[in-house]
Amino acid sequence: MILLGARVTRWLTDVPQPGLVEVELDDVEGRTHRLVEKSAVVDSTGVVRRDGRFPIAVDLACRPRTQYPGLDAQGRVNAVDLSPWGIGEDDTVYAIGRENLTWAPPAVYSDLSVRARQAAGLVTFRRWRASVGLSASEFDALEEHLWQYALVTSETFDAWHEADPLTRLGSSGSLPAPLLRSLEASGIDPVELRSVIVSLIEITYGGLFGRIESRWSLSELATVIAFAQRQGVAPAPADAFADCLWIDDDWGRPTEAIVSSWRAVV
């Protein structure tokens with residue numbers, strides 16, 4: 001999980017149990033945000049106590065929203081919320097510098113860069129195909145095309161972008177007739193599977209031409225994962241892709257070695 005460095009500045013009250021504390025965190029513009037939270041929410045180790053020596057450093061689980069270039073050579077700024085532990089207001093977003101963010105296991109999908117999320121989706125989809133014994137050259141080609149994006153550069157993007165016909169399905173396009181026949185022969189509902197294919201594609205394609213929002217690719221990945229789980233197939237674990245995190249680059253810059261290791265996940 002992604003963690004935001006903060007500090008508990010004082011013990012406020014013993015009621016309700018186990019007590020309320022004041023928590024402070026700083027954003028990239030130098031503003032200090034103060035929150036009131038239960039002591040057990042921000043500290044599971046027992047360090048935060050009424051008789052503790054304040055301030056006490058703590059780490060708060062956070063979820064990325066977006067990422068953008070910082071001003072004055074500050075590097076990239078991560079806009080995050082504190083939703084994983086239900087801290088603060090639901091819609092409050094904090095602009096945080098990379099130096100104030102860390103990562104610790106266990107991994108969750110929101111920790112991952114978009115390319116890593118795409119890899120998780122591809123491995124999950126491959127697991128499902130293996131479970132039902134679905135052989136389809138169209139899906140072979142689509143999977144290879146989406147894997148290729150992990151290493152696409154600005155020089156190779158144009159040639160890659162429209163190289164696979166299934167990426168142009170959109171909201172109204174039809175699956176190719178040979179593929180439909182393969183699905184019918186396997187007893188697979190083409191309507192449901194079409195929506196899953198669109199989501200598998202949109203993990204990447206949904207953010208190609210603008211500033212990416214974390215929730216977009218997460219939502220599409222969730223569709224793929226939910227489909228696999230309904231079919232009794234375990235999704236690819238987020239831990240397998242934690243070498244390419246959102247906080248280091250929202251799209252991710254995996255090496256060939258990293259991509260090879262992703263493709264080897266079974």
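Just so it is clear, the model here is predicted, and its values are computed rather than measured.

J.: Pulling in residues and values, what's your account of the overall build of the protein?
T.: Looking only at helices and strands, one finds eight helices and seven strands in the protein. Viewed in the frame of its principal axes, the protein has a C-alpha envelope of about 70 × 45 × 35 Å. Within the span of the protein, comprising 266 residues, buried residues form 47% of the whole. For the protein, the share of sequence-separated contacts (at least 6 apart) that also reach a separation of at least 24 residues comes to 64%.

J.: Requested: an account of the pattern of salt bridges, with residues and values cited.
T.: Here the structure, examined in full by the defined rule, presents 16 salt bridges. Measuring nitrogen to oxygen at the nearest pair gives 2.6 Å for the salt bridge that ties Arg65 to Asp81. Of this pair, Arg65 sits in strand 4 (residues 56-69) while Asp81 is found in strand 5 (residues 76-81), placing the two residues 16 residues apart along the sequence. The exposure class assigned to Asp81 is buried, which follows from its relative accessible area of 4%. A network of salt bridges, in which partner residues are shared, links Arg7, Glu24, Asp26 and Arg34.

J.: Could you give an account of helix 8 (residues 256-263), with specific residues and numbers?
T.: Buried residues of helix 8: Ile258, Val259 and Trp262, and no others. Seen from one end, helix 8 has its buried residues packed into an arc of 95°, which puts them on one side. For helix 8, the exposed residues set more than 90 degrees away from the buried face come down to Glu256 and Ala257. Close packing links the buried residues of helix 8 with helix 2 (114-132) and helix 3 (137-148).

J.: Explain the environment of Val191 to me, using residue names and the numbers behind them.
T.: With respect to the helices, strands and loops of the structure, Val191 is situated in helix 6 (residues 190-205). For Val191 and Leu175, which are 16 residues apart along the polypeptide, the C-alpha to C-alpha distance reads 9.4 Å.

J.: Please set out the nonpolar core residue by residue, giving values where relevant.
T.: The biggest cluster of nonpolar side chains holds 76 residues, and the ones touching the most others in it are Leu25, Leu60, Leu82, Phe139, Leu193, Phe241 and Trp262. Here this core gets eight residues from one element, more than from any other, and that element is helix 2. Setting aside anything within four residues of it in sequence, one finds Trp262 in contact with Arg115, Ala116, Ala119, Val123, Trp147, Ala240, Phe241, Asp243, Cys244 and Pro254.

J.: Provide a residue-level description of unusual backbone geometry, including the pertinent values.
T.: The omega angle of the peptide bond from Val15 to Pro16 is 0°, so this bond is cis rather than trans. Summarising the element assignment, Pro16 is placed in the loop between strand 1 (2-13) and strand 2 (20-26).

J.: Outline the packing of helix 2 against helix 7 (residues 214-230), listing residues and values.
T.: Look at helix 2 against helix 7: their axes get within 9 Å of each other, and the N-to-C directions meet at 15°. As far as their axial angle goes, helix 7 and helix 2 are roughly parallel. Here helix 2 runs over helix 7; the crossing is left-handed. Packed against helix 2, whose contacting residues are Val114, Arg117, Ala120, Gly121, Thr124 and Trp128, the element helix 7 presents Ser214, Ser217, Leu218, Leu221, Val224, Ile225, Phe227 and Ala228 at the interface. Residues that form the contact of helix 2 with helix 7 fall into these classes: nine nonpolar, four polar and one charged.

J.: Break down the pairing of strand 1 for me, citing the residues and quoting the values.
T.: Sheet topology note: the strand 1/strand 4 ladder contains seven bridges and is antiparallel. Note that in strand 4 the partner of Leu4 across the bridge is Leu60.

J.: Quick rundown of the confidence of the model for the protein? Include the residues and the values.
T.: For the protein, per-residue confidence averages 94 on the pLDDT scale, and 98% of positions sit at 70 or higher. Confidence, expressed as mean pLDDT per element, reaches its minimum in the protein at helix 5 (residues 177-185) with 90 and its maximum at helix 8 with 98.

J.: For the packing of aromatic side chains, give the residues involved together with the corresponding values.
T.: Any pair of aromatic rings gets described here by the distance separating the centres and the angle formed by the planes. Throughout the structure, instances matching the rule amount to nine aromatic pairs. Seen in terms of ring centroids, Trp128 and Phe227 are 5.0 Å apart; in terms of plane orientation they differ by 65°. Their pairing is edge-to-face. Of this pair, Trp128 sits in helix 2 while Phe227 is found in helix 7, placing the two residues 99 residues apart along the sequence. Judged by centre distance (4.7 Å) and plane angle (35°), the ring pair of Tyr149 and Trp160 falls under tilted. One end of the pair, Tyr149, is in the loop between helix 3 and helix 4 (157-161); the other, Trp160, is in helix 4, with eleven residues separating them in the sequence. On the accessibility criterion, Tyr149 (8% relative accessible area) is buried. Here the aromatic cluster, defined as three or more aromatic residues joined through ring pairs, consists of Tyr149, Phe157, Trp160, Tyr205, Phe209 and Trp251. Arg115 extends its terminal NZ or CZ atom over the ring of Tyr149, reaching a point 4.3 Å from the ring centre.

Thresholds applied
- Residues numbered from 1 in each chain as written.
- Predicted model: local features only at pLDDT ≥ 70, side-chain atom pairs only at ≥ 80, totals over all residues.
- Heavy atoms only, no water.
- Helix = DSSP H or I, 4+ residues; strand = E, 2+ residues; numbered from the N terminus.
- Buried < 20%, exposed > 50% of the residue type's maximum accessible area, 1.4 Å probe, protein only.
- Contact = heavy atoms within 4.5 Å.
- Salt bridge = Lys/Arg side-chain N within 4 Å of Asp/Glu carboxyl O.
- Arc of directions from axis to C-beta.
- Core = buried A, V, L, I, M, F, W, Y, C linked by side-chain atoms within 4.5 Å.
- Axes fitted to C-alpha atoms, helices over the stretch in contact; angles between N-to-C directions.
- Parallel < 35°, antiparallel > 145°, perpendicular 65-115°, else oblique.
- Left-handed = near helix turned anticlockwise from the far one by under 90°.
- Nonpolar A, V, L, I, M, F, W, Y, C, P; charged D, E, K, R; others polar.
- Pairing = 2+ DSSP bridges.
- pLDDT = per-residue confidence, 0-100.
- Phe/Tyr/Trp six-rings, centres within 6.5 Å; stacked < 30°, edge-to-face > 60°.
- Lys NZ or Arg CZ within 6 Å of the ring centre and 35° of its normal.

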